[in-house]
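Working through the structure, step by step
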Amino acid sequence: MSQELADTMLDDQPQKEKINLLGLSASRLSEFFEEIGEKKFRATQIIKWIHQEGECDFQKMTNLSKDLRNKLHQIAEIKLPEVVSCQESVDGTCKWLIRVDGGSCIEMVYIPERERGTLCVSSQIGCALDCSFCATGKQGFNRDLTSAEIIGQLWIAADSFDQFSPKAKRRVSNVVMMGMGEPLMNFDNVVDAMSIMLEDNAYGLSKRRVTLSTSGVVPELDKLGDVSDVSLAISLHAPNDELRNELVPINRKYPLATFIQSAKNYIEKMPDNRRKVTVEYTLMDQVNDRSIHARELAVLLKDLPCKINLIPFNPFAGSGYKTVTNTALNRFRDILMAEGYTVTVRTTRGDDIAAACGQLAGEVNDRTKRQERYKKKLNDIQPLNIMEKRGQIG
């Protein structure tokens, strides 16, 4: 078939929705070009244009033939989410509000540090889970983000920092899947987006510098090690099932022993035997910050290669929780360190713009009615402190 005839057939066909190339991994781009009768090497050219050059206009991709550029213009697009606003904290943290298809907005955060810059990326509009201490969960849930909407966040940040310019300094050196949503409940799109982050012809990030955090979706975690080897963080927040059932409701389905074993299995699949799981533990005053909790945690993690990241709770309206005191935090850390664990304390960043851990909310067109119930709860009553409700003492 001549190229002229192929182009004529494309012109005569009813207009279909264009495929967004932004979120296609290298392998999926190769499949796309084969399907339209082009050589597979075109995938490498396109992925470089999009993710290394920051170019979204096919007509400016000068190493593609004019015919191919016209063909791509007819059947494909490079469509980014819309930046609604960007706020900068006094400490340099940046938070973007980003509108996606359907009108809802998500948030992503950039945290600059002396030797690295970390981008916290969202995976869902809202969150399908409802952890009691997280502002995102109170917004309810709309849908999973597409792979384009996930990797589009990294593209937007790179473009904001002029990272696509020749010889520009890489401002985004690390990515953490710790924004809005539970990444493993959007498995395929998250895996595809992370593969673009790691792709040498795209962002070329090290597998040690891309981290997925999960609250414990065990079946998907069991699958992850077969398709990815990014760093793993587990959102634990409690050392026993009774307390975690209240803080992280998915624990009722996948209890701690099952979750910890799954994390251990993931690490054991890694070719590098020095890899460790990061255990995230948000400390709340009089809830999970007692000495007994620290000792329980030390026993729980004894067979898991890990390091522990303690996170002071960041308040939000109506949560019913208070941030941990410095005395309790230091005591908790010291108990774990005495047991031989590597323990770090996460510095609160961006809390003046509600960009700190657990504060991301966005603007969610909630399909679950959870947001409506939460707002009613705020209007009607002051939520009880969980320790008062359970009658526990320190």
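See the structure above.
This section reports on the structure supplied with the text. Numbering of residues begins from 1 in every chain and follows the order in which that chain's sequence is written. Note on the predicted model: pLDDT of at least 70 is required for a residue's local features to be given, and 80 or more for side-chain atom pairs to be given and counted; whole-chain, interface and lining totals, by contrast, use all residues. Computation of side-chain values: all heavy atoms of the structure, hydrogens and water removed.

Focus: the side chain of asparagine 240
Quick note on the threshold: Note on conventions: DSSP H or I runs of at least 4 residues are helices, E runs of at least 2 residues are strands, and numbering of each starts at the N terminus. By the criterion applied in these results, polar contacts are pairs of N or O atoms within 3.5 Å in which, for protein atoms, one can donate a hydrogen and the other can accept it, and in which residues neighboring in sequence qualify only through two side-chain atoms. Here, two residues are considered to be in contact whenever any of their heavy atoms come within 4.5 Å of each other.
By the element assignment, asparagine 240 lies in the loop between strand E11 (231-235) and helix H9 (241-247). Polar contacts involving the side chain of asparagine 240 include one to the main-chain amide nitrogen of leucine 243, which spans 2.8 Å. When residues no more than four places from it in sequence are discounted, the contact partners of asparagine 240 are Leu256 and Glu296.

Details of the packing of helix H2 (residues 26-35) against helix H3 (residues 42-51)
Formally: Axis geometry follows a simple rule: fit a line to the C-alpha atoms, using only the stretch in contact for helices, then measure angles between N-to-C directions, giving values from 0 to 180 degrees. Each angle is binned into one of four classes, with values under 35 degrees roughly parallel, values over 145 roughly antiparallel, values of 65 to 115 roughly perpendicular, and all other values oblique. For any pair of crossing helices, the crossing counts as left-handed if the nearer helix is rotated counterclockwise from the farther one by less than a right angle, and right-handed if it is rotated clockwise. For this scheme, ten residues count as nonpolar: Ala, Val, Leu, Ile, Met, Phe, Trp, Tyr, Cys and Pro. Four count as charged, namely Asp, Glu, Lys and Arg, and the remainder, Gly too, count as polar.
Viewed as axis vectors pointing N to C, H2 and H3 meet at an angle of 125 degrees, and their least axial separation amounts to 8 Å. With respect to their mutual orientation, H2 and H3 come out oblique. H3 is crossed by H2, and the crossing has right-handed handedness. On the side of H2, the interface is formed by Ala26, Leu29, Ser30 and Phe33, while H3 contributes Arg42, Ala43, Ile46 and Ile47. Tallied by class, residues from the contact of H2 with H3 come to six nonpolar, one polar and one charged.

Concerning unusual backbone geometry
Applicable threshold: Only protein chains enter the calculation, and the probe is 1.4 Å; a residue is then buried if its accessible area is under 20% of its type maximum, exposed if over 50%, and partly exposed in between.
Unlike most non-glycine residues, aspartate 162 shows phi in positive territory, near 60 degrees. Its place among the elements puts aspartate 162 in the loop between helix H6 (147-160) and strand E9 (174-177). Under the relative-accessibility criterion, aspartate 162 is labelled partly exposed at 49%. Unusually for a residue other than glycine, histidine 237 sits at a positive phi of about 70 degrees. With respect to the secondary-structure elements, histidine 237 resides in the loop between E11 and H9.

Quick look at the pairing of strand E10 (residues 210-214)
Which entries qualify depends on this criterion: Each pair of strands is called paired provided DSSP finds at least two bridges between the two strands. Whether a crossover is right-handed comes down to one check: with the strands pointing away from the viewer, does the path from the first strand over the helix to the second run clockwise; if it does, it is right-handed.
The buried fraction of E10 is high, at five of five residues. What you see with E10 is no split at all: Val210, Leu212 and Thr214 on one side and Thr211 and Ser213 on the other are buried throughout. Two strands pair when backbone bridges link them, and E9 and E10 are joined in this way by three bridges, in the parallel orientation. Bridge assignment links methionine 177 to a residue of E10, and that residue is leucine 212. In this view, the connection linking E9 to its parallel neighbour E10 by way of helix H7 (residues 187-198) has right-handed handedness. Here four bridges tie E10 to E11, and the two strands are oriented parallel to one another.

Some points on the sheet that holds E10
Judged by pairing direction, the sheet is mixed, and its 10 strands sit side by side in the order E3-E4-E5-E6-E9-E10-E11-E12-E13-E14 without closing on themselves. A single partner strand is all that each edge strand has here, and the edge strands are strand E3 (82-88) and strand E14 (343-345). Averaged over all adjacent pairs, the angle separating strand axes in this sheet is 20 degrees, with direction ignored. Across the sheet, helix H10 (residues 256-269) touches E10, E11 and strand E12 (277-283), and the angle it forms with E11 is around 175 degrees.

Remarks on H2
Selection criterion: By construction, the arc corresponds to the directions joining the helix axis to the C-beta atoms.
Among the residues making up H2, those that are buried are Leu29, Ser30, Phe32 and Phe33. End-on, the buried residues of H2 take up no more than an arc of 160 degrees, which puts them together on one face. As for H2, its buried residues are in contact with strand E1 (19-20), H3, helix H4 (66-75) and strand E2 (76-77). Within two residues after H2, glycine 37 carries a phi angle of roughly 80 degrees, on the positive side.

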